[in-house]
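# Architecture at a glance
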Amino acid sequence: MMIEGTQEYSLNMGPQHPSTHGVFRMVVHLDGEVVTKVEPKIGYLHRGLEKMAESRTYTQFIPYTDRLDYLAGPHNSLGYVQAVEKLMDTEVPERAEYLRIIFAELGRIASHLVMIASGSLDISGWTPWSYCFRDRERILDLFEMTAGNRMTPNYFRIGGVSQDVPEEFMPALKSFLEDMPEMIEEYYGIFFGNEIAQSRMKSVGILPKELAENLLITGANLRASGVQYDVRKAEPYGIYDRFDFEIPVLYGCDTYDRHFIRLLEIQESKKIIEQAYKDIPAGPVMTKVPKVLKPPVGKVYHRVENPKGEMGWYIVSNGSTKPARVRIRTGAFVNVQMLPEIVKGWKIQDLVTIFASMDLVLGEVDK
Amino acid sequence: MVSDILRVRVIELAARFNGEVEENLGELELTVDGRYILEALTDARNFADVPCDFLHDLCGMDLGDHLEVVYQLSSLRGPQRLRIIARVERDNPVINSVTQIWKGSDFLEREAFDMFGLQFRGHPNLKRIYMWDDFEGYPMRKDYVIESHEQRAVMRVRKEGE
């Protein structure tokens, strides 16, 4: 409803704007400071990964997959290498399977920590941000000592992992796991229990369950809207069926719950890593695969639960050394569509909070 | 592992639309003509006992002589998985939009339009999503020529008087 004598105006937010967490642009239509409409504009980070995959061999494409969701590199490669392994019917050694789970879940914790950190920064909470980044640093150190890279480890290979972890990895992982309960308590105390954070986030940006399903939202955003669905349980890949963990679900559907569910998921990831740490066997980390990979003609669709949503890999092989088609379904790309639906009627500072709660990473949105 | 009941439903569906059913690597695949896609997807969504009611992915595919639109269906309440492939002509790639069934297919269809030039009939806002608006050609098609860096005219040359 417009007040007489006023007019709606549009405002460009981004692509270079601190609250858009990357190169995301939105055209915001405003009535005063109330948002009436938002048009997301994406593509500023589009690198054409699907096209690139067609001109590279199966092995050469692995480093690119890390650059999709660059905050949780390992899980992207996990989806890709498992899809190719399914196509080639390759067995992976036990130790490699466990190392993959440890790395993938560490990546999930790192990604969720960044989400909580930037979410608090968007409502001017600097201290939680520094706490989360302090602890994420320890995960990146674990990646660095194993694979040499911090954010994009490029650790997984078709048929295993590139090398065994160094001696100092397991003690460092153990001490990190021991410190985690205290860290989680800290995040809760300083951010989630904080009165300002609660009043800024509770019942803001409601995404009802039916709308979420119709918009094809996946991942933690869907679980915060009351749907208990996780690919790790529904269609276990790798060795996820061996671990005992829960799928957290919240029914608030609001910005607060979308932040809080990440904290609960960190706790579940911790449980998985602890079990993997306890059970990990000794042995080889790489199976024998031919130097030149030529998967048989066929198609495969493989789903994994990425920290940002469900990721799907549709790989079509024509029997040559290069794939005929690699399709990457990323969760964040589809999740962008919830933004225009849930910001209507909220003020522009709430738009920033709601945007943070969607947990987008532009590497995954733009591919 | 495809459940028998899902297989029966898919074979029934294939008989109605003259489609082909294939099964490889434990995945069920139904290929139909692009004209019937809306009916086929609506039916798959309402399968008794095994509804495939969640559109996981929608993407284009270039087969050289024709194009394909690939729909990956699943469900949030069961293990059923199904892939439906719709064949469309290369010269006239028109297919019905599924935005009326799943609102979230909006971006996925825009991407398929951007990359393959697939025209989705009934889409509310069919515009390029990744590439800029005056970009020419459809980059994911197999006949798209990738120019070398030197030849590429990424910088727009200013017209006189601009």
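Residues numbered from 1 in each chain as written. Chains lettered and ligands numbered in written order. Predicted model: local features only at pLDDT ≥ 70, side-chain atom pairs only at ≥ 80, totals over all residues.

Turning our eyes to something else, we now look at the overall build of chain B. A count of helices and strands for chain B gives three helices and seven strands. Taken from the N to the C terminus, the helices and strands of chain B come in the order α-β-β-α-β-β-β-β-α-β. In terms of its C-alpha atoms, chain B occupies a principal-axis envelope of roughly 65 × 30 × 25 Å. Counting every position in chain B, which comprises 162 residues, the buried fraction comes to 38%. Excluding contacts between residues fewer than 6 apart, the proportion of contacts in chain B whose partners are at least 24 apart in sequence is 49%. (Helix = DSSP H or I, 4+ residues; strand = E, 2+ residues; numbered from the N terminus. Buried ≥ 20, exposed ≤ 12 C-beta atoms within 10 Å, placed from the backbone. Contact = placed C-beta atoms within 7 Å.)

Time to look at the overall build of chain A. Regarding its fold elements, chain A presents 15 helices and eight strands. Here the C-alpha radius of gyration of chain A, 21 Å, is about what a compact globule of 367 residues would show, namely 21 Å. The principal-axis extents of the C-alpha atoms in chain A amount to approximately 75 × 45 × 35 Å. Considering chain A as a whole, with its 367 residues, one finds that 49% of them fall into the buried category. Considering only contacts within chain A whose residues lie at least 6 apart along the sequence, 72% involve residues at least 24 apart. (Rg over C-alpha atoms; globule rule 2.2 N^0.38 Å.)

Let us now look at the sheet that holds strand 1 (residues 9-13) of chain A. The pairing of strands in a sheet comes from backbone hydrogen bonds and takes either a parallel or an antiparallel form. Residues and elements named next belong to chain A. Across the sheet, which stays open at both edges, the three strands sit in the order 1-2-3 with antiparallel pairing between neighbours. Taken across any chain shown, the strands that pair with only one partner, and hence form the sheet edges, are strand 1 and strand 3 (34-41). When strand polarity is set aside, the average angle formed by the axes of neighbouring strands in this sheet is 25°. (Pairing = 2+ DSSP bridges. Axes fitted to C-alpha atoms, helices over the stretch in contact; angles between N-to-C directions.)

Below, the discussion takes up helix 5 (residues 126-147) of chain A. Residues and elements named next belong to chain A. Taking 1.5 Å of rise per residue, 22 residues should cover 32 Å, and helix 5 covers 31 Å from first to last C-alpha, within 8% of that figure. Within helix 5, burial applies to Pro128, Trp129, Tyr131, Cys132, Asp135, Arg136, Ile139, Leu142, Phe143, Thr146 and Ala147. For helix 5, the angular spread of buried residues about the axis comes to 165°, placing them on one side. Exposed residues pointing more than 90 degrees away from the buried face of helix 5 are listed as Trp126, Thr127 and Glu137. Those residues of helix 5 hidden inside the fold are in contact with helix 4 (94-122) and helix 6 (169-192). (Expected span 1.5 Å × (residues − 1). Arc of directions from axis to C-beta.)

Next up on the list: the interface of chain B and chain A. Interfaces are often sized by the amount of accessible area the parts lose when they come together. Every contact between the two is made by 26 residues of chain B and, on the other side, 29 residues of chain A. Looking at the side of chain B that touches chain A, the elements with two or more residues in it are strand 3 (54-62), strand 4 (66-74) and helix 3 (105-116) of chain B. Top element by residues in the side of chain B that touches chain A is strand 3 of chain B. It accounts for six residues. Broken down by class, the residue content of the side of chain B that touches chain A amounts to 16 nonpolar, five polar and five charged. (Nonpolar A, V, L, I, M, F, W, Y, C, P; charged D, E, K, R; others polar.)

For the rest of this paragraph, the subject is unusual backbone geometry. Comment: phi is negative for the bulk of residues other than glycine, and the bulk of peptide bonds are trans. Residues and elements named next belong to chain A. Backbone geometry at aspartate 89 places phi at a positive 60°, although glycine is not the residue there. For aspartate 89, the position within the fold is in the loop between helix 3 (73-88) and helix 4. The class of aspartate 89 is exposed, set by 9 C-beta atoms lying within 10 Å. You will see that asparagine 154, though not glycine, has its phi angle at about 50°, which is positive. Turning to its location among the elements, asparagine 154 is positioned in the loop between helix 5 and strand 4 (156-157). You can call asparagine 154 partly exposed: it has 19 C-beta atoms within 10 Å.

Residue and element names in this part refer to chain A. Taken in spatial order, the three strands of this open sheet run 6-7-8, and their pairing is antiparallel. The sheet is open, and its two edges are formed by strand 6 (298-306) and strand 8 (325-329), each paired on a single side. Strand after strand, the sheet turns through a mean of 10° between neighbouring axes, direction not considered. Where strand 7 (residues 309-317) lies against strand 8, five bridges are found, and the strand directions are antiparallel. The residue of strand 8 that forms the bridge with valine 316 is arginine 325. Across the face of the sheet, helix 3 comes into contact with strand 6 and strand 7 while running at roughly 150° to strand 6.

Further remarks concern helix 4 of chain A. Residue and element names in this part refer to chain A. Its 29 residues place the ends of helix 4 42 Å apart at the C-alpha level, agreeing with the 42 Å of an ideal helix rising 1.5 Å per residue. Most of helix 4 is tucked away: 25 of the 29 residues are buried. One or two residues past the end of helix 4 sits serine 124, with phi positive at roughly 65°.

A few words now on the environment of Lys344(A). Inspection of the secondary structure puts Lys344(A) in the loop between helix 13 (338-342) and helix 14 (348-358). Residues within four places of Lys344(A) in sequence aside, it is in contact with Val35(A) and Thr36(A).

This part covers the nonpolar core. Counting residues in each nonpolar core, the largest one holds 140 residues, and the members touching the most others are Ala44(B), Val69(B), Ile84(B), Ala112(B) and Leu118(B). In terms of residues, this core owes the most to one element, helix 4 of chain A, which gives 15 residues. Ala44(B) has contacts with Leu13(B), Cys52(B), Leu73(B), Leu82(B) and Ile84(B), leaving out every residue within four places of it along the chain. (Core = buried A, V, L, I, M, F, W, Y, C linked by C-beta atoms within 7 Å.)

With that settled, the discussion passes to the pairing of strand 1 of chain A. Residue and element names in this part refer to chain A. Counted residue by residue, strand 1 has zero buried out of five residues, so it is predominantly exposed. Alignment of strand 1 against strand 2 (residues 25-31), held across five bridges, turns out to be antiparallel. Paired with leucine 11 across the two strands is valine 28, which belongs to strand 2.

Another point: the environment of Gly119(A). Residues and elements named next belong to chain A. Checked against the element boundaries, glycine 119 lands in helix 4. A residue is classified by how many C-beta atoms lie within 10 Å of it, and glycine 119, with 28 of them, is buried. The spatial distance from the C-alpha of glycine 119 to the C-alpha of threonine 255 is 9.8 Å, given a sequence separation of 136 residues. Beyond its immediate stretch of four places on either side in the chain, glycine 119 contacts His259, Ala356 and Ser357.

Let us now look at the packing of helix 4 of chain A against helix 14 of chain A. Residues and elements named next belong to chain A. Direction vectors running N to C along helix 4 and helix 14 enclose 180°, while the axes themselves pass 9 Å from each other. On the basis of the axis angle, helix 4 is roughly antiparallel to helix 14. Mapping the contact onto sequence places Ser118, Gly119 and Asp122 in helix 4 and Val352, Thr353, Ala356 and Ser357 in helix 14. Split by residue class, the contact of helix 4 with helix 14 holds two nonpolar, four polar and one charged. (Parallel < 35°, antiparallel > 145°, perpendicular 65-115°, else oblique.)

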